Amino acid sequence: MITFEHVGKTYGDWTAIDDLSLHVAEGEFCVLIGPSGSGKTTTLKMINRLIEHDRGRILFEGAEIRSFAPEQLRRRMGYAIQSIGLFPHWTVEENIGAVPRLLGWPKSRIRDRVTELLGLLALEPERFRDRYPRHLSGGQQQRVGVARALAADPSVLLMDEPFGALDPVTRDTLQAEMLRIHKASGTTIVLVTHDIDEAIRLGSRIVILDGGRIVQSGTPRAILTKPANDFVADFVGREDIGIKLLSIERVSDRMRPGETAEGEPIAADASLRHALSLFVARGIDRLPVIGPSGTLAGAIRLADLTGGPT
Amino acid sequence: MLKNRVLLLLVAVGLAAAAGLAFVTHAPNRLLSGQAVSWAIVLGAGRWMALLPALPLVVGPFLPQSRAVHLVLAVSAAALAASLLWLAGDVAIRLADTATPSARTSFGGAFWLIEAMAALAAADALQRGISNPAARITIGAVLILPILAVIGGGAIDQLSIMKEYANRRSVFATAVATHLAIVGATLLPTLGIGLPLGVLLDRRARLRRPVFAVLNIIQTIPSIALFGLLIAPLAGLVAFAPLLGRIGISGIGATPAIIALTLYSLLPIVRSTTAGLEQVPGSVVDAATGMGMTPAQIFRRVEVPLALPVVVAGLRVTVVQAVGLTAVAALIGAGGLGAIIFQGLNGSAIDLVLLGVVPLVAIAITADIALKLAVTMLKMRSG
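Residues numbered from 1 in each chain as written. Chains lettered and ligands numbered in written order. Predicted model: local features only at pLDDT ≥ 70, side-chain atom pairs only at ≥ 80, totals over all residues.

As recorded in an unreviewed UniProt entry, chain B goes by Osmoprotectant transport system permease protein and comes from Kaistia soli DSM 19436. The UniProt entry for chain B carries the following comment under Sequence similarities (unreviewed entry): "Belongs to the binding-protein-dependent transport system permease family." Turning to chain B, the UniProt record has this under Subcellular location (unreviewed entry): "Cell membrane". (UniProt positions renumbered as here; feature names shortened; annotations may be inferred.)

Naming follows an unreviewed UniProt entry, where chain A appears as Osmoprotectant transport system ATP-binding protein of Kaistia soli DSM 19436. Here chain A is described in UniProt, under the heading Sequence similarities (unreviewed entry), as follows: "Belongs to the ABC transporter superfamily."

The following block contains the structure:
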């Protein structure tokens with residue numbers, strides 16, 4: 001879907017990106033992460049030519065991005081940013097319909113698409129359609145921002161710290177929704193963050209950058225279990241690597257089907273980290289597990305958390 | 001106990017003016033200064049009842065400040081303004097019966113001060129009582145109707161200012177039309193040059209300092225000096241190219257007036273255009289660029305609508321300033337209401353001066369209120 005070949009970007013005598021090569025496959029949820037100044041946002045903005053690279057090549061669906069007019073290229077990519085940037089003088093419907101209008105979609109198709117996207121982002125279409133951004137909470141505004149980015153069915157969605165300015169509860173809900181949307185639509189997503197927990201939760205692949213170079217690229221599990229060097233180990237947080245590993249696995253991965261236990265059950269799709277929290281908080285070593293249909297599916301023991309993946 | 005200090009102050013000033021200054025003055029002819037006509041004559045034979053609308057205003061500062069109270073106060077203040085006008089006109093009619101035709105009855109200091117206090121009280125009550133700006137202006141316009149009815153109905157025709165008007169009916173109409181035409185003719189080049197220049201300065205920050213320096217210097221030149229400075233070069237230009245003279249351009253008259261007024265008007269328009277574009281949030285422009293709008297689309301669909309309230313606010317300053325400066329342009333033969341004012345000043349005929357000043361103030365206030373309303377409505381639309 002997107003390929004960087006030996007890409008570089010220099011501002012004066014400061015090298016922002018140095019010989020970066022990366023392939024983002026179709027359907028991947030690729031998270032770019034790194035400290036400030038690591039080049040993660042520059043990398044993202046080079047994809048839709050908000051920043052022009054000055055060395056190497058960037059390919060989009062097999063073609064050099066310079067072979068497209070910048071506006072045409074951007075209309076095929078969704079773009080959501082931390083500051084959201086909703087048009088204050090347009091309603092929610094007009095904001096979401098912005099790119100489809102640029103592409104000349106008929107009115108009825110835009111309207112249907114807006115209805116669909118509002119539903120997808122858990123905003124009641126009839127309640128929110130005609131509101132102005134100033135009448136929305138921060139979380140609702142970013143939902144509209146994401147809906148706007150998804151409006152024209154882009155083949156790739158670029159997100160620059162989209163949840164960075166939200167409160168933890170809203171951020172958590174929106175992260176869950178992004179996972180759901182990614183699963184349902186299969187859209188390729190490239191997301192920039194500086195929050196390692198967000199990267200571990202969302203990414204099917206994590207790319208860690210430092211000083212304009214890729215330090216390590218791999219699945220969350222690979223990053224956590226085999227950090228390439230001390231920088232990565234420090235960045236992911238040495239002390240709670242174990243906790244973070246628990247957070248990427250589901251209870252259903254380790255549970256014992258058919259076994260029973262006493263007490264309030266845990267959902268099968270909850271994370272092992274959640275299970276550990278319940279074990280410690282309740283001072284127990286067994287938890288009943290209920291499946292998606294709400295029926296008891298088995299149990300999980302404290303000792304199950306320490307085994308390798310099954 | 002005391003609920004509204006503003007109104008209390010207005011009432012106090014009004015009462016002090018009534019006690020210390022003349023309401024109307026009477027003189028045997030227009031050149032002599034008038035003698036005060038006593039309140040006893042003005043209010044005799046039951047005419048004191050015309051002052052009843054003042055009662056709510058006197059107790060108003062001590063009433064609970066509810067919406068209904070504010071509405072009553074606004075109506076009372078407007079009614080008082082109309083009835084004072086009627087009282088002055090009525091005295092003039094009675095005095096005219098007993099005096100020679102050249103005798104003059106004029107408004108006194110107390111009349112002007114109390115009218116001003118009543119206008120402020122009405123505006124203040126509307127401001128406090130009605131939050132919707134469009135409704136506030138509509139009600140304000142309705143409240144002015146009784147005053148227009150008193151003037152239109154001939155009740156003040158025997159007052160000196162209206163006698164001056166009767167003598168100069170056609171001159172007055174021409175003056176108002178010329179005045180408005182000069183202001184309108186100034187706005188065309190002002191917007192034609194000012195808007196593009198403002199956009200340019202938004203895009204090229206380096207040009208801002210020098211351009212604003214020049215516009216600021218122009219603003220500090222006294223208007224009379226700038227009008228005068230333009231006479232010689234324009235006259236020379238016309239001597240050089242007589243064709244210009246034939247299409248109406250000359251060293252005196254409307255041409256230098258419009259050029260000078262345009263130069264003055266550029267600063268507020270350019271500054272508000274640049275400021276309006278600058279306050280468009282960067283995140284909104286970033287998002288628009290990132291979703292694939294062209295620079296022209298961003299300008300037309302995003303920047304212009306979001307900058308418009310600030311630009312119109314600048315236009316408001318420009319128009320009010322141009323209405324006032326056009327009066328001075330009469331000195332170089334541009335005509336307009338200024339011609340009437342200067343004629344009155346030369347002849348020491350204060351009422352003739354007022355005949356020029358009152359409509360001038362009315363035009364400026366009307367333009368100010370209309371454009372202020374436009375700004376409020378634009379702001380409500382664009383958030």
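I'd love a proper account of the overall build of chain A, names of residues and values included.
The helix and strand inventory of chain A stands at 14 helices and 14 strands. Its C-alpha atoms give chain A a radius of gyration of 21 Å, near enough to 19 Å, the size a compact globule of 310 residues would have. Each principal axis of the C-alpha distribution contributes one length, and for chain A these read about 60 × 50 × 30 Å. Going through the 310 residues of chain A one by one, you find that 39% of them count as buried. (Helix = DSSP H or I, 4+ residues; strand = E, 2+ residues; numbered from the N terminus. Rg over C-alpha atoms; globule rule 2.2 N^0.38 Å. Buried ≥ 20, exposed ≤ 12 C-beta atoms within 10 Å, placed from the backbone.)

Outline the interface of chain A and chain B, listing residues and values.
Counting from both sides, the interface comprises 18 residues of chain A and, opposite them, 16 residues of chain B. When residues of the side of chain A that touches chain B are traced back to their parent elements, those giving at least two are helix 2 (70-75), strand 6 (77-81) and helix 4 (98-102) of chain A. Within the side of chain A that touches chain B, the residues separate by chemical class into 10 nonpolar, four polar and four charged. (Contact = placed C-beta atoms within 7 Å. Nonpolar A, V, L, I, M, F, W, Y, C, P; charged D, E, K, R; others polar.)

Give me the sheet that holds strand 13 (residues 286-290) of chain A: which residues, what numbers.
Residues and elements named next belong to chain A. Read from one edge to the other, the open sheet built from four strands follows the order 11-14-13-12, with strand pairing classed as mixed. This sheet does not close on itself; its edge strands, each paired only once, are strand 11 (256-257) and strand 12 (266-267). Bridge analysis of strand 13 against strand 14 (residues 296-301) gives five bridges, and the strand direction is antiparallel. Bridge pairing in strand 14 links Leu-287 to Ile-300. (Pairing = 2+ DSSP bridges.)

Any details on the nonpolar core? Residues and values, ideally.
In globular proteins that are soluble, nonpolar side chains generally tend to be buried together. By size, the foremost hydrophobic cluster in this structure holds 161 residues, and its most contacted members are Val-31 and Val-190 of chain A together with Val-24, Ala-77, Ala-88, Ala-121 and Ala-257 of chain B. Ranked by residues supplied to this core, first place goes to helix 4 (residues 67-98) of chain B with 15 residues. Each residue touching Val-31 of chain A, except ones within four places of it in the same chain, is listed here: Leu-191, Thr-193, Ala-199, Leu-202, Gly-203, Ile-206 and Val-207 of chain A. Ranked by size, the runner-up nonpolar core spans 10 residues in total, among them Ala-275, Leu-287, Ala-297 and Ile-300 of chain A. (Core = buried A, V, L, I, M, F, W, Y, C linked by C-beta atoms within 7 Å.)

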